[in-house]
Amino acid sequence: MKFMKIGTRPDIFYTEEATRTVISDIPSDIVIKINNISYFLHKLQFPLLPRCGLLQRLCADSTDSSIVTIELHDIPGGGEAFELCAKFCYGITINLSAHNFVSAFCAAKFLQMNEVVEKGNFALKLDTFFNSCILEGWKDSIVTLQTTAKLIEWSENYGIIRRCIDSIVEKVLTPPSKVSWSYTYTRPGFSKHQQSVPRDWWTEDISDLDIHLFRYVITAIRSTFMLQPQLIGEALHVYALRWLPDTTKIRSLAESSVSQTDETIEKQKRILETIVSMIPGDRGSVSVSFLLRLLSFGNFLGASSLIKTELTKRACLQLEEATVNDLVFPSHSSSDQHFYDVELVLAVLESFLVQWRRQSPAPTDNNELKKSIRKVAKLIDSYLQVIARDANMPVSKLVTLVEALPDVARKSHDDLYKAINIYLKEHPDMSKADKKDVCRILDCQKLSPEVRAHAIKNERLPLRTVVQILFFEQEKGSRPPENKMPLQELIRRKHTPSPEDDLAKLELGPNEQSRGAEGTRKTAAPQSSIVIDEQRTKKPDKKIMRGEIDEAGSEKGREFREQGNSGTKVDTKKIIPKGSARER
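On a predicted model such as this, the values are computed, not experimentally measured, just so you know. (Residues numbered from 1 in each chain as written. Predicted model: local features only at pLDDT ≥ 70, side-chain atom pairs only at ≥ 80, totals over all residues. Heavy atoms only, no water.)

K.L.:
What exactly am I supposed to notice about the packing of helix 11 (residues 262–278) against helix 13 (residues 305–316) here?
P.N.:
When two helices pack together, you describe them by how their axes are tilted relative to each other and by the distance separating the axes. One way to put it is that helix 11 packs onto helix 13 with a least axis distance of 11 Å and a crossing angle of 40°. The angle between the axes of helix 11 and helix 13 places the two elements in the oblique class. Considering only the axes of helix 11 and helix 13, their crossing is left-handed. Contacts between helix 11 and helix 13 involve Leu-272, Glu-273 and Val-276 from the first element and Ile-307, Glu-310 and Leu-311 from the second. Here the residues of the contact of helix 11 with helix 13 are counted per class, giving four nonpolar, no polar and two charged. (Axes fitted to C-alpha atoms, helices over the stretch in contact; angles between N-to-C directions. Helix = DSSP H or I, 4+ residues; strand = E, 2+ residues; numbered from the N terminus. Parallel < 35°, antiparallel > 145°, perpendicular 65-115°, else oblique. Left-handed = near helix turned anticlockwise from the far one by under 90°. Contact = heavy atoms within 4.5 Å. Nonpolar A, V, L, I, M, F, W, Y, C, P; charged D, E, K, R; others polar.)

As structure tokens, then:
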């Protein structure tokens, strides 16, 4: 940081109540009132009037012996800036830097301390310091620009903002290999002594600016067309992290650890809107993770529907690049008892599907589009495994998210089965109707043999779902012909303990090995896989041994029992239509 020292005399200003007086044998003959402070000074004994054109005009009608009182409440910078100008006139030592330059310069201009009034006046010295020191420095220019926020109109009129921005942009466009000045860069793993200058070295320093000044700088940089859109996007990302709240740690506005006043919320809304308006149109200029985070900001702050719609459209175009962690945000709706913001994910997914269908009249015939939607489906199924741990997650949310994707999106239902199994495990008190709702979305024809083997012995699944899987096992010949057995025998074996049961367990990940307290919300880090544990094997149900399949006692169930008791062959086609994968 550059400094300039002017004057040699010691400070002779002292304060008494609401007055500032100069220690002198000569009585004061001019009183300058600024807000609540009165300055008792001298007109001619010290070169105050000779150097201030404004005070000369205001005192033109007074006599040399009379005491003049002048009110300067509108002087830019207030009393502190005026005192710097007064001390310059008295020859008192003052230190100037980027922190006080703007107020001093604007006050000197206001008081008309220019070369027309006297040679070597204060305004000229300040302007020389500005050009030779402040604009030549990197952080000096940024600090000076930031201080203009309090005197924005004066700074614009005197050209301070424009000249600071030009200096900043010039340095930002400097090739990294030629950057020799000090800068802030606190990314993990970076060492200024061991590594070359990163391309985004400038982003953290300009993030200290107020949003309107930051927008001026970014707009000026973009107008040169010399930087890649990704660098602009990174600057926006750094600024958002600096000024917007971390919504991943806040459930709702009421739960924020920092008191959010209406003024603070409105300021954050303006920041969000400005950042969104500056995102380059190039795809990939910002990451999908950043777009989703901005969308979460919008939900948290109550942003306009226009902003949220724009972010949703941008995020859906890059949804394939997202990870499970990118989708995990807490719900900010006071009406939601569940933790995760499923509505955010669903909105982006639906927007993605609209774009996906528009790309081709028959997107399912296009291998690239099919690959795209299957990648998104795998992402959604992994997300389902995370939200399934929430003890308050309703079945409807889970089902809606699953059914949003078309059948072609899932080549396999193994990941979906894992999510359903987690949900059944974390919600042991589910009603039979809810169990049927969550299991009807499962297509047993798209399960791998290993998962089907596990499902057959999974007592959490409704019996009807298990029968569908057993039927498919026999119909598709998943077992060798000589090993096939009647459907009733398969059902019986499902409920009979066997030494081979352990071989059918699926190794799907580490987090399922322990069960949390029942009824508590689960907020564990997303896992792409889980371990599905077996419950204790129950004794065979005599009704099931006799062939009772329909739990409600339907006609099909009674027919099944009659056939089982009479020893006739069971016609499974009457139970489940051939090839059917879901319970209708």
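Structure's up, so let's keep going.
K.L.:
What is the right way to read the sheet that holds strand 3 (residues 19–22) from this model?
P.N.:
Strand-to-strand pairing in sheets goes through backbone hydrogen bonds, with the strands running parallel or antiparallel. Spatially, 2-3-5-4-6 is the arrangement adopted by the five strands of the open sheet, whose pairing is mixed. Both edges of this open sheet fall to strand 2 (13–16) and strand 6 (68–71), since each of them pairs with a single strand only. The sheet shows a mean angle of 20° between the axes of neighbouring strands, direction not considered. Where strand 4 (residues 30–34) meets strand 6, four bridges bridge the pair, whose relative direction is parallel. Directly across from Ile-32, in strand 6, lies its bridge partner Ile-70. Packing of helix 2 (residues 78–90) onto the sheet brings it into contact with strand 2, strand 3, strand 4 and strand 5 (37–41), and relative to strand 5 it is tilted by some 10°. (Pairing = 2+ DSSP bridges.)

K.L.:
I would appreciate a short explanation of the pairing of strand 4 in the present structure.
P.N.:
Side-chain positions along a regular strand alternate between the two faces of the sheet. Of all five residues in strand 4, four are buried, a share of seventy percent or more. Relative to strand 5, strand 4 is paired through five bridges, and the arrangement is antiparallel. Each residue of the ladder has a partner; that of Ile-30, found in strand 5, is Leu-41. Connecting strand 4 to the antiparallel partner strand 5 that follows it, the hairpin turn spans two residues, and Asn-35 within it adopts a positive phi of roughly 55°. (Buried < 20%, exposed > 50% of the residue type's maximum accessible area, 1.4 Å probe, protein only.)

K.L.:
Mind showing me how you'd approach helix 7 (residues 160–172) here?
P.N.:
Three or four residues apart is the spacing at which side chains of an α-helix point the same way, because the helix has 3.6 residues per turn. Look at helix 7: 18 Å from first C-alpha to last across 13 residues, which is about the 18 Å you get at 1.5 Å a residue. The element helix 7 is largely enclosed, with a buried count of 10 among its 13 residues. In this structure, the buried side of helix 7 is in contact with helix 3 (101–110), helix 4 (122–134), helix 5 (138–147), helix 6 (152–157), helix 8 (203–206) and helix 9 (211–223). (Expected span 1.5 Å × (residues − 1).)

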